[in-house]
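Listed here are the chains, written in short residue letters.
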Amino acid sequence: MTLIDGKATARTIKQEIAARVAEITARGGKRPHLAAVLVGHDGGSETYVKNKVLACKECGFESTLIRYEDDVTEDELLACVARLNADDSVDGFIVQLPLPAHISEQRVIEAIDHRKDVDGFHPVNVGRMAIGLPCYISATPLGILQLLRRHGVETSGKHCVVLGRSNIVGKPMASLMMQKQYGDATVTVLHSHSRDLKEECRRADILIAAIGRPGFVTADMVKPGATVIDVGTTRVADPSRPRGYRLSGDVDFEAVKDVAGAITPVPGGVGPMTICMLMLNTLAAGERKYYP
Ligand code: NAP
């Protein structure tokens, strides 16, 4: 069994990005600049944004953090988005989700100039991704593609099962795995109303689990030798840990590792790749790679 180490892969990719930034600046070019907008004080969002700012440093990017309190109005946030759209010094920016309930996330996402939408959530980027045009691809599915590619997992002609159909993971993942220029696989998507779920999973050469149900994928659902990618990250109470919880994946790792040919751990698998892919998208934004 091969352990697909997302932490090590992310480290390598960040070094590659930093080397590219060094080349750009040596030629007198500008460092890529990522701005992040954070609303409120949600613990998870604070950690994500802090790690994104740290990753910018590792890659040699400039970064700007803009903070608002929970009671910021939608109009104030939209005005911030408009300022960032117009700011030529900012190559790409993100608005950290989730937003407070009184703000429409969709309205905010659609207000972002798609040429600066390094999260890849704007409908223009999602649409371009679906028809195979150059665009920002959202970080989690892009990270999984990189993990598969960099660990030599053959995808062309294979049967890929995606468990979950969310807009940020399941749907884009299935679309990418199906497309000739990315996965070139035969894809099945399963969700909470799918029948014969166990049998369908057992047919997978590549099984990608993104449902947020700890330990859902058991050894009897995995074909011997299959590649198993675990996207799930659910906080499970654990009094033995200093924080009182641990992160649990959607896969019963201890049992499945003896059946799978390759598997990602949680933590240390897909998670570290996600922030790293935001950095790759920011580099692309700085270089005007997709939208010259
Ligand atoms: P989500 O929006 O809650 O979607 C969950 C999907 O799983 C839905 O399509 C749902 O089906 C399906 N589902 C739920 N229970 C199921 C069951 N018992 N059987 C079959 N399908 C079931 O979740 P998400 O945003 O995609 O996230 C999924 C997990 O990935 C979460 O643990 C999240 O924390 C994690 N995640 C990790 C990263 C990372 O960087 N590592 C990034 C994003 C998400 P219906 O559509 O029928 O409701």
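Residues numbered from 1 in each chain as written. Predicted model: local features only at pLDDT ≥ 70, side-chain atom pairs only at ≥ 80, totals over all residues. Heavy atoms only, no water.

### Quick word on the sheet that holds strand β3 (residues 62-68)
Reasoning step 1: Taken in spatial order, the three strands make up an open sheet running β3-β2-β4, and their pairing is parallel. In the strand order of this sheet, the two ends are held by β3 and β4 (92-95), each with one partner. The mean angle between the axes of side-by-side strands here comes to 15°, regardless of whether they run parallel or antiparallel.
Reasoning step 2: Relative to β3, strand β2 (residues 33-39) is paired through seven bridges, and the arrangement is parallel. For V39, the partnering residue across the bridge sits in β3 and is Y68.
Reasoning step 3: Across the face of the sheet, helix α3 (residues 74-86) comes into contact with β2, β3 and β4 while running at roughly 165° to β3. (Pairing = 2+ DSSP bridges. Helix = DSSP H or I, 4+ residues; strand = E, 2+ residues; numbered from the N terminus. Axes fitted to C-alpha atoms, helices over the stretch in contact; angles between N-to-C directions. Contact = heavy atoms within 4.5 Å.)

### A word on the environment of C276
Reasoning step 1: Tracing the backbone through its elements, the reader meets C276 in helix α10 (residues 270-286).
Reasoning step 2: C276 gets classed as buried once you look at its relative accessible area, which sits at 1%.
Reasoning step 3: Setting aside its immediate chain neighbours within four residues, C276 contacts A10, I13, K14 and I17. (Buried < 20%, exposed > 50% of the residue type's maximum accessible area, 1.4 Å probe, protein only.)

### Description of the site of the ligand
Reasoning step 1: Every one of the 21 residues lining the ligand counts as a neighbour, but R165, S166, S192, T233 and T274 are closest to it.
Reasoning step 2: Taking 930 Å² as the accessible area of the ligand by itself, protein coverage stands at 71%.
Reasoning step 3: Top element by residues in the shell around the ligand is α10. It accounts for three residues.
Reasoning step 4: Broken down by class, the residue content of the shell around the ligand amounts to eight nonpolar, eleven polar and two charged. (Near = heavy atom within 4 Å. Areas by Shrake-Rupley, 256 points an atom, 1.4 Å probe, with all protein chains shown as cover. Nonpolar A, V, L, I, M, F, W, Y, C, P; charged D, E, K, R; others polar.)

### A closer look at the pairing of strand β8 (residues 227-230)
Reasoning step 1: Judged by which residues are buried, β8 turns out to be covered on both faces: T227 and I229 on one side and V228 and D230 on the other are all buried.
Reasoning step 2: Note: strand β7 (residues 206-209) against β8, four bridges, orientation parallel. For I208, the partnering residue across the bridge sits in β8 and is I229.
Reasoning step 3: With two bridges connecting them, β8 and strand β11 (residues 262-263) associate as parallel partners. Directly across from T227, in β11, lies its bridge partner A262.

### Observations regarding the pattern of salt bridges
Reasoning step 1: Counted according to the given criterion, the structure contains 17 salt bridges.
Reasoning step 2: For E200, the salt bridge is made with R203, and the minimal N-O distance between the two is 3.4 Å.
Reasoning step 3: Residue K257 pairs with D258 through a salt bridge whose shortest N-O separation is 3.7 Å.
Reasoning step 4: The class of D258 is exposed, set by a relative accessible area of 63%.
Reasoning step 5: The network of salt bridges with shared partners includes R20, E23 and E287. (Salt bridge = Lys/Arg side-chain N within 4 Å of Asp/Glu carboxyl O.)

### Observations concerning the domain arrangement of the chain
Reasoning step 1: In terms of domain boundaries, the chain breaks down into domain 1 (27-114) and domain 2 (139-270).
Reasoning step 2: The gap between the C-alpha centroids of domain 1 and domain 2 is 29 Å. (Domains from an automatic or database assignment.)

### A word on α3
Reasoning step 1: Taking 1.5 Å per residue as the helical rise, α3 with its 13 residues ought to reach 18 Å, and the 18 Å between its terminal C-alpha atoms agrees with that figure.
Reasoning step 2: Residues E74, L77, C80, V81, L84 and N85 constitute the buried set of α3. Within α3, the buried residues cover an arc of 140° as seen down the axis, which keeps them to one side. Pointing more than 90 degrees away from the buried face of α3 are the exposed residues D75, R83 and A86.
Reasoning step 3: Lining the buried residues of α3 we find β2, β3, β4 and α4 (105-111). (Expected span 1.5 Å × (residues − 1). Arc of directions from axis to C-beta.)

### A look at the sheet that holds β8
Reasoning step 1: The strand order β1-β11-β8-β7-β5-β6 describes an open sheet built from six strands, whose pairing is parallel. A strand with exactly one partner marks an edge of an open sheet, and here the two such strands are β1 (2-3) and β6 (186-190).

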